[in-house]
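# Overview (structure and organization)
Letter by letter, the chains look like this.
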Amino acid sequence: MGTTSGSLWTVLGVFACMTKRRWYSVSLLLGWAGFIFATSSVVVTPQEFFRWIHLHVLKNDTLFHWFEIFWGASWFIVVKGFHVFEFALLTVLATWMIDAFCTRRGRSNVIIAALICGGFAASDEWHETFVPQRGGVFSDVLIDMLGVLITVLYLLSGRRSPRRPTAHDAAE
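### Considering the pattern of salt bridges
Side chains that carry opposite charge are capable of pairing whenever their charged atoms lie near each other. Inspection of every chain in the model, using the stated rule, returns 3 salt bridges. A salt bridge links Lys 80 to Asp 140; the nearest nitrogen and oxygen atoms lie 2.8 Å apart. With a gap of 60 residues between them, Lys 80 in helix α4 (residues 61-101) and Asp 140 in helix α6 (residues 138-157) connect regions that are remote in the sequence. The partner of Arg 105 in a salt bridge is Asp 99, and the shortest N-O contact between them spans 3.2 Å. Judged by its relative accessible area of 55%, Arg 105 is exposed. Judged by its relative accessible area of 4%, Asp 99 falls in the buried class.

What follows is the structure in C-alpha cells.
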C-alpha cells in the first residue's frame with residue numbers, strides 16, 4: 001500500500017495542520033474565484049437588465065429615463081471597472097492565502113499571486129468562448145490584468161524584499 005496510502009496521509013496531514021487563517025484564506029479565494037467564474041457563465045442582455053431595473057429599482061419613468069441616459073454614456077466604465085475590481089480583490093485574496101502558507105511575507109508572494117491571477121484571467125476568458133452569446137476577448141484579459149497590476153504595485157510598495165548583506169554589514 002506504500003505510495004497510495006502515503007499520498008493520502010500526506011494530503012490529510014496538510015488539511016489537519018490548516019489553521020483558521022489558512023482555511024479562511026483558501027475559502028475566500030476559492031469563493032471569489034467561483035463568483036467570477038459564475039458571473040462569466042451568465043449572459044444578461046441589455047433588454048433584461050433595463051426591464052429588471054425598471055421593475056425593481058427605478059419605478060419612476062422619469063428617473064428610469066435618466067438612468068438609461070447615464071447607462072448609455074457610462075456602461076463601459078462601470079462594467080470594465082468592475083472587472084478591474086474583481087481581479088484586484090482576487091489578487092489581494094491570493095496574496096493573503098500565499099502569505100498564510102509561507103513563513104515570510106515577501107515580494108515573491110505578491111508576484112506568485114499575480115501570476116496565478118493572470119492565469120485565471122486568461123482561463124476565464126477562454127471559458128467564456130464556450131458560453132453561448134459570450135465570447136472571450138484578449139482586451140478583457142488586459143482589463144483584468146489592470147486590476148492585478150494596480151494591486152501588485154500597491155502591495156509591493158508596502159513590502160520589502162529580503163535585504164542582502166553588503167560589504168558594510170560584514171565590516172560591522
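### A few points about the packing of aromatic side chains
Under the definition given, this model contains 13 aromatic pairs. On the numbers, 6.1 Å between centres and 50° between planes, the contact of Phe 49 with Phe 67 is tilted. Of the two residues, Phe 49 is situated in helix α3 (residues 46-56) and Phe 67 in helix α4; the sequence distance between them amounts to 18 residues. By relative accessible area, Phe 49 is classed as partly exposed at 24%.

### Comments concerning the nonpolar core
Most often, soluble globular proteins have nonpolar side chains that are buried together. Counting residues in hydrophobic clusters, the biggest one holds 22 residues, and the most contacted among them are Leu 29, Phe 87, Leu 90, Val 148 and Val 152. For this core, the secondary-structure elements that each account for two or more residues are α2 (20-39), α4, α5 (107-128) and α6. Here the element with the most residues in this core is α4; it accounts for 6 residues. Ignoring sequence-local partners within four residues, the contact set of Phe 87 consists of Ile 36, Cys 117, Phe 120, Ala 121, Asp 144, Gly 147 and Val 148. Residues Ile 53, Leu 58, Phe 64 and Trp 71 belong to the second largest nonpolar core, which totals 6 residues.

### Observations regarding the environment of Val 131
With respect to the helices, strands and loops of the structure, Val 131 is situated in the loop between α5 and α6. Taking the C-alpha atoms as reference points, Val 131 and Ser 41, separated by 90 residues in sequence, lie 6.1 Å from one another.

Calculation criteria
Residues numbered from 1 in each chain as written. Predicted model: local features only at pLDDT ≥ 70, side-chain atom pairs only at ≥ 80, totals over all residues. Heavy atoms only, no water. Salt bridge = Lys/Arg side-chain N within 4 Å of Asp/Glu carboxyl O. Helix = DSSP H or I, 4+ residues; strand = E, 2+ residues; numbered from the N terminus. Buried < 20%, exposed > 50% of the residue type's maximum accessible area, 1.4 Å probe, protein only. Phe/Tyr/Trp six-rings, centres within 6.5 Å; stacked < 30°, edge-to-face > 60°. Core = buried A, V, L, I, M, F, W, Y, C linked by side-chain atoms within 4.5 Å. Contact = heavy atoms within 4.5 Å.

Without other data, these values stay purely geometric and don't point to any function.
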